[in-house]
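Coordinate analysis (summary)
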Amino acid sequence: MLLIGHELISSAPFYRVDSVEQIAKTPSNATILFNFDPTLIAYCSTQKLSFALHVKQIKELVLANALGASYFVVDKTLALHAQKVADDYLFEGKVLLLSNDDNDIEFAASHTIDGILFESAITSSLS
């Protein structure tokens, strides 16, 4: 199980962006995180950038996989269904439960969720 951003485990941050201009300000080896946005997806795909999508419904999850997202960030309400779809269709990307609670490790492990993205691993300010 991936534990990205846990205080005891070092990991590279994810960079939350809302525009192509913000993507240009991220480190070259960064994982870029954004809500489902066709323009940003197309840009990341063209530039061969690793990106994570915060998906809010199964349709977005399926499209995110087809468009090459490395990670699918989901809330707890979608996590079980998203993981089942990802497993059934052998998605290459990983389902990450968005959390700020250590107790979610047990939930994710019990339900074979690929990993957890702790909110502390997300960098939001790109000036």
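Above this text is the structure in question.
First, a word on what this report is: a plain description of the structure on this page. What you see is a predicted model, and the numbers here were worked out from it, not measured in a lab.

Conventions adopted
Residues numbered from 1 in each chain as written. Predicted model: local features only at pLDDT ≥ 70, side-chain atom pairs only at ≥ 80, totals over all residues. Heavy atoms only, no water. Buried < 20%, exposed > 50% of the residue type's maximum accessible area, 1.4 Å probe, protein only. Helix = DSSP H or I, 4+ residues; strand = E, 2+ residues; numbered from the N terminus. Arc of directions from axis to C-beta. Contact = heavy atoms within 4.5 Å. Salt bridge = Lys/Arg side-chain N within 4 Å of Asp/Glu carboxyl O.

Before going further, it helps to spend a moment on helix H2 (residues 38-47). Those residues of H2 that fall on the buried side of the exposure criterion are Leu40, Ile41 and Cys44. Taken down its axis, H2 places every buried residue within 100° of arc, on the same side. Opposite the buried face of H2, by more than 90 degrees, sit the exposed residues Pro38, Thr39 and Thr46. For H2, the elements touching its buried residues are helix H1 (20-24), strand E3 (31-35) and strand E4 (51-54). Note on H2: the residue one or two positions beyond its end, Lys48, has a positive phi of about 60°.

Turning to the pattern of salt bridges, a few remarks are in order. If charged atoms from side chains of opposite charge come close, those side chains can pair. Overall, the coordinates contain two salt bridges when judged by the stated rule. One salt bridge connects Lys84 with Asp88, and the closest N-O pair in it is separated by 2.7 Å. Highlighted residues: Lys84 and Asp88, both in helix H4 (residues 76-88), separated by four residues, approximately one helical turn. By relative accessible area, which is 48% here, Lys84 ends up partly exposed.

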